[in-house]
Structure formats: structure tokens, C-alpha cells
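The lines below spell out each chain.
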Amino acid sequence: SGAFTSVAADRDVAVSVADDSDAFLQLQGATDDNNEELPNAQYAQETGGTLELNFTSDNNQIEGGGEGFNARADTGVSRVFEVRNQGTQEVEVALRTSEQDDTDTNGVVLVPSDVDAPGDQNLLLTITAHGVDLDPVALDPGEKQQFSVTATVREGVTDDPDDVIDTDEITIQAEATE
């Protein structure tokens, strides 16, 4: 018979780790159709190879000199960052917090843990996929999805603890569809 019980064969494997802006799941400031950075991408910074959202006076990319969100106001910041599928198959992308990794949401709502708001005010951030009401968002290879941020600053904005997660991190999840 032509059967065998084992084979050992050496093969090469090449693997690299890339910054968020160069990875198979690219995370970067939002861009237009010509891959030019959009104005609100100034709030999305790559620090040490990792995308961070920075709406503070520490952000030296903000050309206008602003230092934060208005008190007692709702502020929408459209198309801040994007996720692009630079892999080989369709993926579903969703935003999560560590406490709700398996929960489908139409936007991540969080209270950054280190925010100083004036008086008795609170800050609530909502991060949603721009222009779509889907979660997760399906992306074919080469496609991107932009995300927007809404900041709500006012007294009592966090009265319902079930609606918010007290964290300053989000998880960007992508799973291949079959």
C-alpha cells in the first residue's frame, strides 16, 4: 500500500507586526476618496503604532488651538477615524468595550475615566459608524468605514448606569464572515 504514518517537511513562514495604519485591519484618521486626511482626523493620533482619539489640549495636531468640548453642550465630530479591511476576505467590524465584548450596539457609549468637566457636569461620548445604522459593519477587502464621535456635556448626563461604561478604551473587533 502507499500509506504512511507521518511526514516532516520544513517550510518557511514570514510574519510581521505592523502599526495600526499599516495592518491588515487598518486603523487611522478618516480620509477622503483620494486618501487625503479629513479635517477631523486631527483628533485621531497614532502613538507608538496605536490609534488614539485625543480631544484635549495635549493634542498638538489641532490647528485651531481648541482645548476641549463646550460645557452644557452636545458636540458632534463627524468622520474622525476609519477602519479599512486590508486583508483577503470580508470581515464584520464592530466597536466594543471590554465589559460588553459580545453585545451588539449601534455605537459605543462611554465615560472617559480621566475627564475633568466643570462643576457637576459629566461627559458622555458616543462613537458610531458614520452614515450607517448597522453593527457590525461588513467590509470587503479594500473597503473602509468611518466613525464619528458625539460628546454630551451636562449635569446628570450619566443618570442611567446601564447605558454607560466607565472606561477610556474601546475594542475594535473584526471577524471574517464565512
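Calculation notes
Residues numbered from 1 in each chain as written. Predicted model: local features only at pLDDT ≥ 70, side-chain atom pairs only at ≥ 80, totals over all residues. Heavy atoms only, no water. Helix = DSSP H or I, 4+ residues; strand = E, 2+ residues; numbered from the N terminus. Buried < 20%, exposed > 50% of the residue type's maximum accessible area, 1.4 Å probe, protein only. Polar contact = N/O pair within 3.5 Å; in protein donor to acceptor, adjacent residues only side chain to side chain. pLDDT = per-residue confidence, 0-100. Pairing = 2+ DSSP bridges. 1 Å grid on protein atoms, 1.4 Å probe; cavity = no way out; pocket = protein on both sides within 12 Å on 5 of 7 lines; lining within 4 Å. Points joined across faces, edges and corners; volume = space filled by probe spheres on them. Nonpolar A, V, L, I, M, F, W, Y, C, P; charged D, E, K, R; others polar. Contact = heavy atoms within 4.5 Å. Core = buried A, V, L, I, M, F, W, Y, C linked by side-chain atoms within 4.5 Å.

Asker: What is the right way to read the environment of Thr152 from this model?
Answerer: Structurally, Thr152 can be placed in strand S9 (residues 144–155). Given a relative accessible area of 11%, Thr152 falls into the buried group. For the pair Thr152 and Thr75, spaced 77 residues apart in sequence, the C-alpha separation works out to 6.5 Å. There is a polar contact of 3.5 Å between the side chain of Thr152 and the side chain of Asp74.

Asker: Which parts of the structure should I look at to understand the confidence of the model for the protein?
Answerer: In low-pLDDT segments, the atomic positions of the prediction should not be examined closely. Within the protein, residue pLDDT values average 84, and 80% of them lie at 70 or more. By mean pLDDT, the top-scoring element of the protein is strand S1 (residues 25–29) (96), and the lowest-scoring one is strand S10 (residues 165–166) (65).

Asker: Where do I start with the pairing of strand S3 (residues 50–53) in this structure?
Answerer: Strand residues, when the strand is regular, have side chains that alternate between the two faces of the sheet. Relative to S3, strand S2 (residues 44–47) runs antiparallel, the two being bridged by four bridges. Within S3, the position partnered with Glu46 by the bridge is Leu51.

Asker: How should I be thinking about the layout of surface pockets in this particular structure?
Answerer: If a probe as big as a water molecule is rolled over the atoms, it shows which places are left empty. Here the second largest pocket defines a volume of roughly 160 Å³. Considering the residues around the second largest pocket, the lining is formed by Tyr43, Phe55, Thr56, Ile62, Gly66, Glu67, Gly68, Phe69, Asn70, Thr75 and Val77. Classifying every residue of the lining of the second largest pocket by side-chain character gives five nonpolar, five polar and one charged.

Asker: Would you mind going over the side chain of Asp20 with me for this structure?
Answerer: Tracing the sequence through the fold places Asp20 in the segment before S1. Among all residues touching Asp20, those that are not within four sequence positions of it are Leu25, Gln26, Leu27, Glu46, Gly49, Thr50 and Leu51.

Asker: Where do I start with the nonpolar core in this structure?
Answerer: The nonpolar side chains of soluble globular proteins are, as a tendency, buried together. Counting residues in each nonpolar core, the largest one holds 22 residues, and the members touching the most others are Val80, Phe81, Val83, Ile127 and Phe147. Residue assignment for this core shows that the elements contributing at least two residues are strand S4 (73–85), strand S5 (91–96), strand S7 (121–129), strand S8 (137–139) and S9. Excluding residues within four positions of it along the chain, Val80 makes contact with Gly29, Ala30, Asn40, Ala41, Tyr43, Ala44, Leu53, Phe55, Phe147 and Val149.

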